[in-house]
Amino acid sequence: LPTIVLKSDKDGRMKVLSNVLFHFLPSLFTAMKEGNETTQLHCASCYNHLARIHSKDLRITLSRSEAIHATLSIIPASSIVGGAIIEEEEEDVAESWNKKSLRLRSYRRALSGLRVIAEAAMDSNAEGKGKSRSGGAGTAFRRDILHAGLLVRTGVLLKEPPPGESENWATAHDFFTAVEETGRLLKSLTGGGLTQNTKDQLLSSGIIAAMFRSLVNALNVARTRSMDASDLTPAVLASLPPPSICIIAMKAASMVLSSLRAFLRHDDVRGEVSSAVEIASIARGLASVPFTTAGVVAKEEYSKAMRERERELARDMMREWAFVQEQAAALILTFSIDARLRRILVEDQVVWSTLVDALRRGDARKSRSEKLRRHSAGIIANLCGNADMCEDIVQRCWEEAKNVGKKREGLIVALEEALDDNSDGLREAAAGALRNLSVNKNSIPILLRSEVTPNLIKILGAAKTAVTTSVRSQAAVALRNISVEEEGKEALVRGGCVQTIGRALFKGELRGKVGKAARAETAVMSREEEKEMAAEDALRLQCLVILRNTSITKAGKRELLAGGSLSALQLLLPSDRPAMESDGDGSGEKKGGRHGKDRGGSYEDERFGHEVPVLKVGELGASDLRMIEQVTGIVRNMAADKVAKKEMIGMPGILRRVVRLLTLELARSHKLKTEVERVLEQAAGALRNLCTSRAASSIAVSAGLVRISVSLLSSPHPLPSRLLEQLTGLVRNLASPPLPPLPADDEGAEMGSDVEEDGVKTDFRPMLVSEGVVPLLMQIVHAGTAPAKVQQQAGLALKYLSDAVSLL
């Protein structure tokens with residue numbers, strides 16, 4: 001029958017013959033149940049061919065129950081004792097293995113037919129035919145396979161390891177092909193989502209444990225030829241499995257790894273189905289090793305054709321082993337997110353070395369695919385995401401740095417090479433690993449001594465067409481972590497990181513829409529475009545954090561000034577005149593009328609005649625507020641420098657925009673309360689530093705700073721102590737008399753020299769008193785509940801204002 005089916009299919013007469021053969025399906029299943037091993041093999045082959053050609057035919061789909069029971073009969077329950085297959089005692093060993101080989105082949109072909117029909121039925125479900133008889137067969141097929149005990153029987157069949165003797169290599173071949181087909185069936189059963197009942201049945205069947213054992217067996221057989229030819233002797237060669245057996249073992253391992261990964265995506269099953277030994281064995285499968293065919297390919301007595309054939313087999317083994325490596329890495333990547341299992345990957349020295357080696361670039365002897373390297377980087381990134389394991393990994397990195405000598409090896413070198421690769425996926429995974437690794441401050445000195453930091457800066461400054469936004473975002477977070485440490489700040493400035501970000505800001509590459517109204521002007525975007533915009537927002541935020549951290553240093557301030565970044569930074573702040581068309585510095589023509597003189601709509605300083613609309617939290621999102629916090633933090637740091645302060649005085653738009661930030665609504669119950677408080681603190685601190693200059697104070701007061709500050713101090717909601725400290729310090733600076741020169745402010749700026757250089761003699765004390773700031777300051781001083789620094793600033797402000805009472 002198999003011969004007729006195949007020949008008829010090739011000759012185009014299958015359609016006619018199939019109608020005849022369908023009448024014989026019951027007889028076919030009866031023969032599978034009652035026939036000997038040879039008959040079972042032919043019947044299973046015929047059913048497999050029919051299933052492949054007519055997988056969606058109702059007649060063969062509805063016969064699934066009979067097909068499952070016929071497949072079960074290939075390994076009768078009477079031959080199973082204590083979970084192992086037994087043979088008749090009177091049979092010799094050769095006859096026993098021959099029968100098992102026939103059973104394995106029959107079982108594989110019957111399983112193949114069942115799998116094909118099950119996949120076709122499940123596809124019908126996916127196409128929306130779940131209510132039809134054919135469509136509902138997908139779920140029914142899975143249920144029947146699980147309830148019939150087919151997987152239990154399969155697990156028993158695969159429990160015995162393949163024979164290792166040379167006379168039984170054919171049985172080993174049949175064993176691994178059966179393992180491969182079982183992996184395909186398991187993948188089909190677990191690929192479309194699992195119910196709790198299905199998970200329990202799979203676990204109780206023992207099939208998962210059997211697949212793990214079969215996987216370890218396949219890996220062991222596949223690695224038998226992973227040795228140098230010079231180490232092979234004729235005796236060793238005679239005991240090795242043929243290259244064809246190694247190749248089929250590799251194929252079986254790849255399929256099992258793929259099927260297990262589909263099942264082990266579920267958190268509640270990972271720890272129940274694998275042991276530390278098995279995980280370590282799978283992880284060692286990541287190793288890139290050279291394979292040999294016979295070890296005699298160079299001997300003169302071999303013909304050229306024979307030597308070429310052996311080389312071709314070696315190439316086939318390397319290619320199949322590459323697939324094994326990729327699937328093993330994908331499975332270990334699944335394990336690496338499980339806290340119970342990932343410690344094995346760090347504590348086992350051989351496994352760890354294998355992981356690092358898999359991340360390295362390949363060569364002629366040890367090829368590594370991009371997918372293998374990407375998965376390896378992802379595994380290391382997940383391991384570094386745990387604080388305890390990250391500490392262990394950092395210690396390993398220090399040991400590697402001490403012991404390498406002239407040859408550069410270890411994790412840091414592997415990550416350097418990955419960052420320098422052309423694959424975005426690999427670079428993103430490597431940058432993610434560095435992102436998690438750099439959280440540990442002990443790793444920063446190692447990273448700074450390597451080529452990792454220059455490579456990260458190079459990625460950050462790359463064009464969009466060269467590097468994706470997600471890769472640049474991962475690199476930016478790693479650099480942000482480095483910039484937290486003092487040593488890192490200086491290194492990033494020397495390495496050109498500030499210049500790189502400054503250029504991107506100046507060119508507009510890191511600018512975005514600020515505020516919900518501005519974002520609403522963007523045309524309707526697809527989901528991919530929205531995702532890309534979110535990634536760009538995240539990248540911009542990380543770059544701003546880096547600038548804020550590095551702007552603390554004097555060198556960082558100079559780099560920001562030299563690159564013209566301040567003018568670009570002010571465009572990331574909300575305009576001080578949102579009802580106008582801004583030209584970048586806050587000027588423009590009005591489009592609408594006033595909001596009103598009351599404090600609910602706008603703030604107007606009667607002396608200067610400038611109206612400042614209230615900035616409502618509803619106009620901004622959480623991402624906007626976080627970005628604004630970083631920009632104002634940069635301005636605050638820069639304002640502590642005399643040269644930078646003069647630069648900002650020449651850009652009045654940036655001062656007016658910072659003043660408007662103080663009009664943000666401060667509500668106790670608002671969901672963005674924390675973000676608003678941080679923005680207010682940074683804005684008040686920036687203005688406090690700026691207002692040590694009379695020229696800057698005049699610009700800020702003309703933007704309504706006095707009335708806005710007093711209104712914020714009189715807020716019915718309690719102010720955070722850090723915000724209150726900055727506000728009272730700001731009022732103190734505004735209340736300071738213009739003459740004589742004043743002592744240095746707490747922030748470190750020399751106020752007296754500013755008065756002399758600016759030549760501005762404006763006295764803001766009468767304005768502060770008339771706005772009612774004195775009672776507010778007295779309440780802070782006499783209540784005694786505010787921190788000591790706040791009371792000190794309020795007391796100094798009252799001292800300066802005491803002379804202004806006689807001026808009113």
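All values reported here derive from a predicted model rather than from experimental measurement. (Residues numbered from 1 in each chain as written. Predicted model: local features only at pLDDT ≥ 70, side-chain atom pairs only at ≥ 80, totals over all residues. Heavy atoms only, no water.)

Trainee: Honestly, the overall build of the protein chain in this entry has me stumped. Any pointers?
Mentor: A count of helices and strands for the protein chain gives 43 helices and four strands. Going through the 808 residues of the protein chain one by one, you find that 56% of them count as buried. Contacts in the protein chain between residues far apart in sequence, at least 24 positions, make up 76% of those at least 6 positions apart. Carbon and sulfur atoms provide 51% of the accessible area of the protein chain, an area that totals close to 34800 Å². (Helix = DSSP H or I, 4+ residues; strand = E, 2+ residues; numbered from the N terminus. Buried < 20%, exposed > 50% of the residue type's maximum accessible area, 1.4 Å probe, protein only. Contact = heavy atoms within 4.5 Å. Areas by Shrake-Rupley, 256 points an atom, 1.4 Å probe, with all protein chains shown as cover.)

Trainee: Mind showing me how you'd approach the packing of aromatic side chains here?
Mentor: On inspection of all chains with the given rule, the structure shows two aromatic pairs. Seen from their ring centres, Phe175 and Phe176 are 5.3 Å apart, and the 80° between their planes marks the pair as edge-to-face. (Phe/Tyr/Trp six-rings, centres within 6.5 Å; stacked < 30°, edge-to-face > 60°.)

Trainee: What exactly am I supposed to notice about the nonpolar core here?
Mentor: Nonpolar side chains in soluble globular proteins generally cluster together in the buried interior. The biggest cluster of nonpolar side chains holds 216 residues, and the ones touching the most others in it are Met648 and Leu662. No other element matches the 13 residues that helix H14 (residues 243-264) contributes to this core. Excluding residues that lie within four positions of it along the chain, Leu662 makes contacts with Leu680, Ala683, Ala684, Leu687, Leu705, Ile708, Ser709, Leu712 and Leu730. (Core = buried A, V, L, I, M, F, W, Y, C linked by side-chain atoms within 4.5 Å.)

Trainee: What's the story with the confidence of the model for the protein chain in this structure? I'm lost.
Mentor: One rule of thumb: low pLDDT means the predicted coordinates there are not for detailed reading. Across the protein chain, pLDDT averages 77, with 72% of residues at or above 70. The low-confidence segment residues 78-91, where pLDDT is below 50, has 21 contacts with residues more than four positions distant or belonging to other chains. (pLDDT = per-residue confidence, 0-100.)

Trainee: How should the environment of Glu66 be read in this particular structure?
Mentor: You can see Glu66 is positioned in helix H6 (residues 64-72). A residue is classified by how much of its surface remains accessible, and Glu66, at 39% relative accessible area, is partly exposed. As a C-alpha pair, Glu66 and Leu25 span 41 residues in sequence and 9.2 Å in three-dimensional space. Residues contacting Glu66, with those up to four places away along its chain left out, are Phe29 and Lys33.

Trainee: What's the story with helix H26 (residues 469-484) in this structure? I'm lost.
Mentor: For an α-helix the count is 3.6 residues per turn, leaving residues at separations of three or four pointing the same way. Counted at 1.5 Å a residue, the expected span for H26 with its 16 residues is 22 Å, and the 23 Å between its end C-alpha atoms agrees. Here H26 lies mainly inside the structure; 13 of its 16 residues are buried. (Expected span 1.5 Å × (residues − 1).)

Trainee: Explain the pattern of salt bridges to me, please; I cannot follow it from the model alone.
Mentor: Two side chains of opposite charge can pair, provided their charged atoms sit close to one another. A full pass over the atoms with the stated rule returns 19 salt bridges. The partner of Glu417 in a salt bridge is Arg360, with the nearest N and O atoms 2.9 Å apart. Of this pair, Glu417 sits in helix H22 (residues 411-419) while Arg360 sits in the loop between helix H19 (349-359) and helix H20 (370-384), placing them 57 residues apart in sequence. What makes Glu417 buried here is its relative accessible area of 13%. Close ionic contact of Asp421 with Arg373 constitutes a salt bridge, the shortest N to O distance being 3.2 Å. Taken together, the residues Asp421 in the loop between H22 and helix H23 (424-437) and Arg373 in helix H20 connect sequence positions 48 residues apart. Linked by salt bridges that have partners in common, Arg115, Glu180, Glu181 and Arg184 make up one network. (Salt bridge = Lys/Arg side-chain N within 4 Å of Asp/Glu carboxyl O.)

Trainee: I would appreciate a short explanation of the packing of helix H33 (residues 622-639) against helix H34 (residues 642-649) in the present structure.
Mentor: The description of two packed helices rests on the angle between their axes and on the distance between the axes. Remark: H33 packs on H34, axes separated minimally by 7 Å, with the N-to-C direction vectors making an angle of 120°. Between H33 and H34, the crossing angle belongs to the class labelled oblique. Between H33 and H34, the residues in contact are Val635, Met638 and Ala639 and Ala644, Lys645 and Met648, respectively. Taken together, the residues of the contact of H33 with H34 sort by class into five nonpolar, no polar and one charged. (Axes fitted to C-alpha atoms, helices over the stretch in contact; angles between N-to-C directions. Parallel < 35°, antiparallel > 145°, perpendicular 65-115°, else oblique. Nonpolar A, V, L, I, M, F, W, Y, C, P; charged D, E, K, R; others polar.)

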